[in-house]
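Remarks on the overall topology
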Amino acid sequence: MALDYEQQFYFSDIQYIVGCDEAGRGCLLGSVFAGAVILPRDFQCDLINDSKKLSAKKREEAYQIIINNAIAWGVGFATADEIDEINILNASRLAMNRAIENMHHQYDLILTDCMKMPHAKVPVVDLVHGDALAQCIAAASIIAKVSRDRECVELDKKYPQYGIAKHKGYGTKEHLEALKKYGPIKHLYRFTYAPVRESQIEKISLF
């Protein structure tokens, strides 16, 4: 199925459509990332799909195609501390707004993957499973996912004991065991997330 849902929105007053999506909402550590992409109206690439359906190698390949062909693209993120302060939904929305701002390009409409943006400067269409319908949202999901995975690789170099490069911050068995053993690190982990809170309790109870 072609990812061409956005084609119906092009009118004389709508020339630049931004696809926006996030990555990392369910992770226990690190920032939540967002991508924003304006693609040429006639652009099509079979490789661009929901980032979760692509291998890491294919995502990197698609990432290069997107940044080489996009009219504009941007990345934004909200830190673990911001997630704890304003909650993950608002932090995801903040990351998306930052990604859009970082495009440094005008836009007429925003398409998101089921994310409402009440304070946006232009109309917003929030689509259920948007990354499987609109190519610009799928492209944004790839930008977000690749950007976040790259951060995780860098975090792994600083904190190798947690295995971040492998699990990318998700609550795998390996990750939860490392979290119980070493405890959560301030500014790295999301302390409002239950597994992180519980690891603190377990760590304290050992002494």
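Residues numbered from 1 in each chain as written. Predicted model: local features only at pLDDT ≥ 70, side-chain atom pairs only at ≥ 80, totals over all residues. Heavy atoms only, no water.

**Side note on the sheet that holds strand 5 (residues 124-127)**
- Reading across from one edge, 3-2-1-4-5 is the order of the five strands in this open sheet, with mixed pairing throughout. The sheet is open, and its two borders are formed by strand 3 (72-78) and strand 5, each paired with just one other strand. Shown here is a sheet whose adjacent strand axes are inclined to one another by a mean of 20°, direction ignored.
- Contacts between helix 4 (residues 135-158) and the sheet are confined to strand 1 (17-23), strand 2 (32-38), strand 3, strand 4 (109-113) and strand 5, with strand 1 contributing the most and set at about 35° to the helix. (Pairing = 2+ DSSP bridges. Helix = DSSP H or I, 4+ residues; strand = E, 2+ residues; numbered from the N terminus. Axes fitted to C-alpha atoms, helices over the stretch in contact; angles between N-to-C directions. Contact = heavy atoms within 4.5 Å.)

**Structural notes on the packing of helix 1 (residues 56-69) against helix 4**
- Running from amino to carboxyl end, helix 1 crosses helix 4 at an angle of 120°, the nearest separation of the two axes being 9 Å. Considered as vectors, helix 1 and helix 4 are oriented oblique to each other. Regarding helix 1 and helix 4, the two cross each other, and that crossing is left-handed. The residues of helix 4 that touch helix 1, namely those facing Arg-59, Glu-60, Ala-62, Tyr-63, Gln-64, Ile-66 and Ile-67, are Ala-139, Ile-142, Ile-143, Lys-145, Val-146, Ser-147, Asp-149 and Arg-150.
- The class makeup of the residues in the contact of helix 1 with helix 4 is eight nonpolar, two polar and five charged. (Parallel < 35°, antiparallel > 145°, perpendicular 65-115°, else oblique. Left-handed = near helix turned anticlockwise from the far one by under 90°. Nonpolar A, V, L, I, M, F, W, Y, C, P; charged D, E, K, R; others polar.)

**Description of unusual backbone geometry**
- Even without a glycine there, the phi angle at His-129 is positive, about 55°.
- Mapped onto the fold, His-129 is located in the loop between strand 5 and helix 4.
- The class of His-129 is exposed, set by a relative accessible area of 58%.
- Positive phi, close to 75°, is recorded for His-187, a residue that is not glycine.
- In this structure, His-187 sits in the loop between helix 6 (173-182) and helix 7 (194-205). (Buried < 20%, exposed > 50% of the residue type's maximum accessible area, 1.4 Å probe, protein only.)

**Focus on the side chain of Asp-21**
- By the element assignment, Asp-21 lies in strand 1.
- Other than its neighbours up to four places away in sequence, Asp-21 contacts Phe-33, Ala-34, Gly-35, Met-96, Asp-113, Asp-131, Ile-137, Ala-140, Ser-141 and Ala-144.

**A look at the packing of aromatic side chains**
- Throughout the structure, instances matching the rule amount to five aromatic pairs.
- An aromatic cluster is present here, built from Tyr-162, Tyr-182 and Tyr-189 joined pairwise through their rings.
- A cation sits over an aromatic face here: Arg-150 above Tyr-63, 4.4 Å from the ring centre. (Phe/Tyr/Trp six-rings, centres within 6.5 Å; stacked < 30°, edge-to-face > 60°. Lys NZ or Arg CZ within 6 Å of the ring centre and 35° of its normal.)

**Description of helix 3 (residues 88-101)**
- Taking 1.5 Å per residue, 14 residues should reach 20 Å; helix 3 reaches 20 Å between its end C-alpha atoms and fits that length.
- Of all the positions in helix 3, only Ile-88, Ala-91, Ser-92, Arg-93, Ala-95, Met-96, Ala-99 and Ile-100 are classed as buried.
- Tucked into the core, helix 3 has its buried residues touching strand 1, strand 2, strand 3, helix 2 (80-86) and strand 4. (Expected span 1.5 Å × (residues − 1).)

**Focus: helix 1**
- For helix 1, which comprises 14 residues, the first-to-last C-alpha distance of 20 Å matches the rise-based estimate of 20 Å (1.5 Å per residue) to within 8%.
- Those residues of helix 1 that fall on the buried side of the exposure criterion are Arg-59, Ala-62, Tyr-63 and Ile-66. Looking down the long axis of helix 1, one finds its buried residues gathered within 115° of arc, a one-sided arrangement. Structural note: helix 1 exposes Lys-57 and Asn-68 on the side pointing more than 90 degrees away from its buried face. (Arc of directions from axis to C-beta.)

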